[in-house]
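Examination of the molecular architecture
Chain by chain, the residues:
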Amino acid sequence: RVATTITSSLKPEELVNTLLDQLQSILPYENGTLWLRQENRMVVQAARGFPDSEERIGLNVAIEDSQLLHEMITTGQPSPPLATSPDGEYRRRAS
């Protein structure tokens, strides 16, 4: 079903809007964002499960300013689960 939905949606904006929804059926998640790289920046294209999901769309970060994004791009590995500390910083959750 996911492959059919993805291949039938050839318009990039439509594809971006359905990717997180389709991912939910394969890999359930509480919340998530879809970031696309634009040169040396990462830009949120879709967000799900946050109280302010719509406000997150368009958020952009310089890769060099984010240790987490830099690490994921360098290693090619997804981020491990994260938790937000009271100071707003992301910390890796204990496995």
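Residues numbered from 1 in each chain as written. Predicted model: local features only at pLDDT ≥ 70, side-chain atom pairs only at ≥ 80, totals over all residues. Heavy atoms only, no water.

Details of the packing of aromatic side chains
Heads up, the condition is: Each pair of aromatic rings taken from Phe, Tyr and Trp, with Trp reduced to its six-membered ring, is defined by centres within 6.5 Å and is described as stacked if the planes are under 30 degrees apart, edge-to-face if over 60, and tilted in the remaining cases. In this scheme, Lys NZ or Arg CZ marks a charge over a ring once it lies within 6 Å of the ring centre and within 35 degrees of the ring normal.
With the rule as written, the count across this model stands at zero aromatic pairs. The lysine or arginine in question, R56, covers the ring of F50, its NZ or CZ lying 3.7 Å from the ring centre.

A look at the pairing of strand β1 (residues 32-38)
For clarity, the cut-off: Should DSSP find at least two bridges between two strands, the strands are taken to pair. Numbering of helices and strands runs from the N terminus; a helix is a DSSP stretch of H or I covering at least four residues, while a strand is a stretch of E covering at least two.
With seven bridges connecting them, β1 and strand β2 (residues 41-48) associate as antiparallel partners. Note on β2: the bridge partner recorded for L36 is V43.

Things to note about the sheet that holds β2
Short version of the rule: Note on method: axes are straight lines fitted to C-alpha atoms, helices fitted across the in-contact stretch only, with angles between N-to-C directions ranging 0 to 180 degrees.
Overall, antiparallel pairing links the three strands, which are arranged β1-β2-β3 in an open sheet. Unpaired on one side and paired on the other, β1 and β3 (60-62) mark the two borders of the sheet. Recorded for the sheet is a direction-independent mean angle of 30° between the axes of neighbouring strands.

A short note on the pairing of β2
Taking the residues between adjacent antiparallel strands as the criterion, β1 and β2 are bridged by two residues, where E39 takes a positive phi near 60°. Across three bridges, β2 lies against β3 in antiparallel orientation. By the bridge assignment, R41 is partnered in β3 with A62.

What about helix α2 (residues 12-26)?
We count it as follows: Given the number of residues in a helix, its expected span is that number minus one, multiplied by 1.5 Å. Throughout, the bend at a residue refers to the angle made by two axes, fitted to the seven residues ending there and to the seven starting there. Only protein chains enter the calculation, and the probe is 1.4 Å; a residue is then buried if its accessible area is under 20% of its type maximum, exposed if over 50%, and partly exposed in between.
Between its first and last C-alpha atoms α2 spans 21 Å; for 15 residues at 1.5 Å apiece the expected length is 21 Å, and the two agree. At L19, α2 shows its maximal kink, close to 35°. Residues V16, L20 and Q22 constitute the buried set of α2.

Description of the confidence of the model for the chain
Basically, it comes down to this: pLDDT is defined as a per-residue confidence score from the predictor, taking values between 0 and 100.
Of the residues in the chain, 73% reach a pLDDT of 70 or more, and the chain-wide mean stands at 77. Confidence scores differ between elements of the chain, with strand β4 (residues 82-84) showing the lowest mean pLDDT of 53 and β3 the highest of 93.

So, the pattern of salt bridges
This is how the line gets drawn: The term salt bridge refers to a side-chain nitrogen of Lys or Arg lying within 4 Å of a carboxyl oxygen of Asp or Glu.
Under the definition given, this model contains two salt bridges. For the salt bridge of D21 with R48, the shortest nitrogen-to-oxygen distance reads 2.8 Å. Residue D21 is located in helix α2, and its partner R48 is located in strand β2; the two are separated by 27 residues in the primary sequence.

With respect to unusual backbone geometry
Glycine aside, residues mostly have negative phi, and peptide bonds are mostly found in the trans state. The residue E39 is not glycine, and still its phi comes out positive at about 60°. For E39, the location among the structural elements is in the loop between β1 and β2.

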